[in-house]
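# Descriptive structure summary
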There are 2 protein chains.
Amino acid sequence: MPRYIAPTEDMQFILHDVLNVNSADIPGYADLDRATTGAILEEAGKLNSDVIAPLNPVGDRQGCQYESGVVRTPDGFKAAFDQVRAGGWTGLDLPEKYGGQGMPYLMGTAVIEMFSAANQAFAMYQGLTHGAASAILHHGTDQQKATFLPKMVNCQWTGTMNLTEPHCGTDLGMMRTKADPQDDGSFRITGQKIFISAGEHDLADNIIHLVLAKIPGGPDGIKGVSLFIVPKFIVNKDGSLGARNGVRCGKIEEKMGIHGNATCVMDYDGATGYLLGQEHKGMRAMFTMMNEARLGVGLQGLAQADAAYQNAVDYARDRLQGRAVTGAQNPDGPADPLIVHPDIRRSLMDQKSFTEGARAFALWGAELIDRAQRAGDKDADALISLLTPVIKGFLTDEGYAMTVQAQQIYGGHGYIEEWGMSQFTRDARIAMIYEGANGVQALDLVGRKLAADGGKAAMAFFDMIRGFITTHKDMDAAFTRDFLDPLKTASKQLQEAMMYFMQSAGKNPNDALAGSYDFMHLFGHTAMGFMWARMGLAAHKALADDPDAAFMQTKRITGRYYMQRRLPICTSLLARITSGSDTVMALPADAF
Amino acid sequence: MPRYIAPTEDMQFILHDVLNVNSADIPGYADLDRATTGAILEEAGKLNSDVIAPLNPVGDRQGCQYESGVVRTPDGFKAAFDQVRAGGWTGLDLPEKYGGQGMPYLMGTAVIEMFSAANQAFAMYQGLTHGAASAILHHGTDQQKATFLPKMVNCQWTGTMNLTEPHCGTDLGMMRTKADPQDDGSFRITGQKIFISAGEHDLADNIIHLVLAKIPGGPDGIKGVSLFIVPKFIVNKDGSLGARNGVRCGKIEEKMGIHGNATCVMDYDGATGYLLGQEHKGMRAMFTMMNEARLGVGLQGLAQADAAYQNAVDYARDRLQGRAVTGAQNPDGPADPLIVHPDIRRSLMDQKSFTEGARAFALWGAELIDRAQRAGDKDADALISLLTPVIKGFLTDEGYAMTVQAQQIYGGHGYIEEWGMSQFTRDARIAMIYEGANGVQALDLVGRKLAADGGKAAMAFFDMIRGFITTHKDMDAAFTRDFLDPLKTASKQLQEAMMYFMQSAGKNPNDALAGSYDFMHLFGHTAMGFMWARMGLAAHKALADDPDAAFMQTKRITGRYYMQRRLPICTSLLARITSGSDTVMALPADAF
């Protein structure tokens, strides 16, 4: 059975040696000393290794069971969910006022990586609740907050987000679900939503659906969409549960993976709903939830990659097969372990350098969110808005690719369900799709975020990299060669691509869109290069004090690997981008 | 339900406009006029579209059922298998002497692409039989041929290959299965083999296992391995079936995909076996089968990519979502079809340009095999030997990546089993693993094939490309710019990588091995570039005669796409390769 050990040491390194969170000028960060974050991460790690991860293959094998509107989660999920709730993990970074622990989003992110790695299907139940609670927190009335948040923060009630309908996923303007206003100020919601994760299950007393719908007579298209709170059970004035609402799970989907999470068709038949936020401004409120969800999904990519990697390493160390080309390394055994072979290491280093770089990227993103929300920093807000589609799209594409590489290390055993490696790839696959398929992330990045506010956020990103290079360029020749020079090249290539988009925008908007996906990856690699340069710097400094620090030596080598062997892809991505849309758009639709 | 339409027009183009098979100086090719190949391909296409493809989701859902040593294949497989047999498809390119149709391997390859695309799990039953029959044909005694081939050519009996054991897959020298010689010249085979595709099933009267085992007292390691014919039922002198042999399927594996094919644990308990070929030369005989199997697996990569692509195109044409950035293209509908969006086209063009290039590559490979075997051309034999690991490794890696892209076009629906797109990726995944995992293909390419005979085959490959460029360089400026220049660049980069390996070989053999995987891809892209240049030339000539030929226009644009947007990856691959093994090998095993 696969194992999972939480990467607490690596997280501590990023938090304290790279991001220096304890001294950051963000309210709440002063509490994040090394001992405190270490204790939290250790505790979360233990829970995930011992309790949550062992349920991962159980969830995959059993899946959720549907019968007459009722959904049963896999054996052990309920008890584990109660344990997670009892430990206060579901509200770690939610306000103390509603029963949360009021920690920074940064800590929530670190812990959610662990949950997602241990058992993605399981983690989604609390993850979606967190997103729904955030939406209510930011857009709800005081009464809505008082009614729903205390129960959602501790996951006594869970949450969902309802966007997709059978005929529209990305293009929500075509939505048909309608919300008829009632005399008492509530609405009657009627329509069908599909692909609703955690839409029905047996883990919570109530399920709070956030549902996009159109109020008749409102504006056409996406501008006429509003957001509603639709509880499974009506909540009485005293907070107790009342009548069953007119919402029912019609079926659950059979999927490639995340079998432990119920993906539901939800039928709304005149269900009572309460407007959340303003009429016709539903997308704005939903985006609070979606942006958080997108970062969470990016984390899933990294998390599945890490879980798969850990098991690939175990197998590569244990499995005896062939001899090292430079001479036997296990001469007394019948063969050497796989890990002596350069191509196995090439694969493991791809995985390791991705996972650690991605972790730094995600935690940096979380820090930016805290900076935006806790310190009211508008620049941080703009930057994380720009980076969100990159974190979602790049981390899930690469994360999936890494689970495939990890599976490959097992040879034929990787294809057999018994070993668990197939589940990592099957589960990781969804992250490229949900919360906006990665092509939509690329469109969001290039079509919207890049040009927002005159491209200010992108310029700030480049300035940040340029500043980093300038500050450290005379420090050490090896550091410059290994880290700064490759970062400079990638950053220049990313800027070139952006210039290309700007120049072609007036002539042919298809040019930018045809290059959007590659641009997202070019951006992702550049950001990873920046992360590795920052981590390389931290390692460099630590090694100046203690040249024997094994962790730091490993970090430096892993960073050099990324810079040497992954970053050169940027050259090819730039070539793809600047070839424009000519060959992309030339064929008539019937020529495919 | 997914559909599959055989690419007969594209195959005809490759056979007649690119490879000009009808005028090739290969025995048997004179019969391959356009009408004959067209009739065969049409007939095979119809069978696959109408009969075999509809069973693909059935096989996935039902899987094979195991009970007490007996395996039941999914509903409909037996009837379809009988229909395939009755049509003479199983022996299309096997000798007439044994009931085959004696066609060139080329035609077998074209037809097997269709079978693999329509239903990979189903196609494997006949594919493995073909490989086993080939091994007997090349290494068997006259009596063995007479006994087994007539029944195997028409798949009345099917075949298997038994290599892997629980503790050894790639490293077969560690094999434990033993073969004890008997007084009558037969052997008693004892041991356990795993991952035996089609090891047990209900489609055939008998199953002829080709089993690697060690004769006690023979040389250690791989040099002491012999190959044996072990029938499920002993064959009597008169050809009738006798007693059940001591071989039994112990269980079937639960796998990520190819559920319709039984992947068996085979227990040999003193089973009667007959030496095939020479004692201790089992690997040589097995390689006849394995080389054929590797080409067949490469075909599977391309085939699954094509099947998935066809359905992605359907969905992209039908699904209405969003509006074209340059203005509505379906103004009367609620939205435009997906195919108007540049990023959807980018994905479809990646798929299309891969699939068509790969098809040309595979058919060219098949032509080389015919040239080697039918015309006794040693150079062709050396070249296909070099190309085999590239066809297997590159086509399956890319083929898998393309099924993932096709699935992605469907958004959430791609993740739901109902739509069938998940099956393409799950089935395609195995092709990267079996018949030698792709890392082993890369090792075979760089560690063995590249340097064979002083690198003569590789030099011949480069000469071929150079000759092609020289011959056509003054023909047309656009053709030179679009096809010849990019091909020249890629070919030079491949040569540079080879030079790097040669130079570093003496210093550090790990350098070449650390770059082997990237080299396999660099080689694959260069070969694809060569194929596209040849196809571009054919299209160019045809368009000179008829500028309105839509098929040729499409071909030219698709080729330009590959040259502009895929081939630049070679630059990055070269950079990865020439970074050497330093960062790959630096970490101690416990630092991962």
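For the structure given in this document, a descriptive report is provided here. Quick caveat: nothing in here was measured; it's all calculated off a predicted structure.

A word on the overall build of chain A. When you go through chain A residue by residue, the secondary structure sums to 19 helices and 11 strands. Relative to its length of 592 residues, chain A is compact, with a C-alpha radius of gyration of 24 Å against a globular reference of 25 Å. For the C-alpha atoms alone, the extent of chain A along its principal axes is close to 80 × 60 × 60 Å. Going through the 592 residues of chain A one by one, you find that 65% of them count as buried. Surface summary for chain A: the accessible area is close to 20,100 Å², and the carbon and sulfur share equals 51%. Counting 55 positive and 67 negative side-chain charges, chain A places the centres of these two groups 3 Å from one another.

Moving on: unusual backbone geometry. All names here are of chain B. Notably, N20 is not glycine yet its phi reads approximately 45 degrees, a positive angle. Here N20 is to be found in the loop between α1 (8-18) and α2 (34-52). With a relative accessible area of 38%, N20 lands in the partly exposed category. Phi is positive for I258, close to 35 degrees, though the residue is something other than glycine.

Another aspect to go through is the packing of aromatic side chains. Per the stated rule, a full pass over the model turns up 36 aromatic pairs over all chains. Ring geometry for F77 of chain A and F122 of chain A: centres 5.3 Å apart, planes at 85 degrees, overall edge-to-face. On the criterion of sequence distance, the pair formed by F77 of chain A in helix α4 (residues 77-86) and F122 of chain A in helix α6 (residues 120-139) is long-range, its members being 45 residues apart. On the basis of relative accessible area, F77 of chain A is assigned to the buried category, the value being 0%. Each member of the aromatic cluster is reached from another via a ring pair, and the members are F361, W364, F461, F462, F468, Y500, F501, F519, F523 and F530 of chain A. Over the aromatic face of F530 of chain B sits the side chain of R534 of chain B, whose NZ or CZ is 5.5 Å from the ring centroid.

Note: interface size is frequently given as the accessible area lost on complex formation between the parts. Contacts between the two partners involve 95 residues from chain B and, on the opposite side, 95 residues from chain A. Regarding the contact of chain B and chain A, the summed buried area is about 7,900 Å², with carbon and sulfur atoms giving 58% of it. Looking only at chain B, the three residues that lose the most surface to chain A are Y415, R565 and F592 of chain B, adding up to 12% of its buried area. At the boundary of chain B and chain A, one finds eight salt bridges. Summed over the shared surface of chain B and chain A, the number is 51 residue pairs in polar contact (both at pLDDT 80 or more). Looking at the side of chain B that touches chain A residue by residue, the classes come out as 44 nonpolar, 27 polar and 24 charged.

The rules behind each value
Residues numbered from 1 in each chain as written. Chains lettered and ligands numbered in written order. Predicted model: local features only at pLDDT ≥ 70, side-chain atom pairs only at ≥ 80, totals over all residues. Heavy atoms only, no water. Helix = DSSP H or I, 4+ residues; strand = E, 2+ residues; numbered from the N terminus. Rg over C-alpha atoms; globule rule 2.2 N^0.38 Å. Buried < 20%, exposed > 50% of the residue type's maximum accessible area, 1.4 Å probe, protein only. Areas by Shrake-Rupley, 256 points an atom, 1.4 Å probe, with all protein chains shown as cover. Lys, Arg positive; Asp, Glu negative; His and termini not counted. Charge placed at Lys NZ, Arg CZ, Asp CG, Glu CD. Phe/Tyr/Trp six-rings, centres within 6.5 Å; stacked < 30°, edge-to-face > 60°. Lys NZ or Arg CZ within 6 Å of the ring centre and 35° of its normal. Contact = heavy atoms within 4.5 Å. Buried area = accessible area lost by both parts, 1.4 Å probe. Salt bridge = Lys/Arg side-chain N within 4 Å of Asp/Glu carboxyl O. Polar contact = N/O pair within 3.5 Å; in protein donor to acceptor, adjacent residues only side chain to side chain. Nonpolar A, V, L, I, M, F, W, Y, C, P; charged D, E, K, R; others polar.

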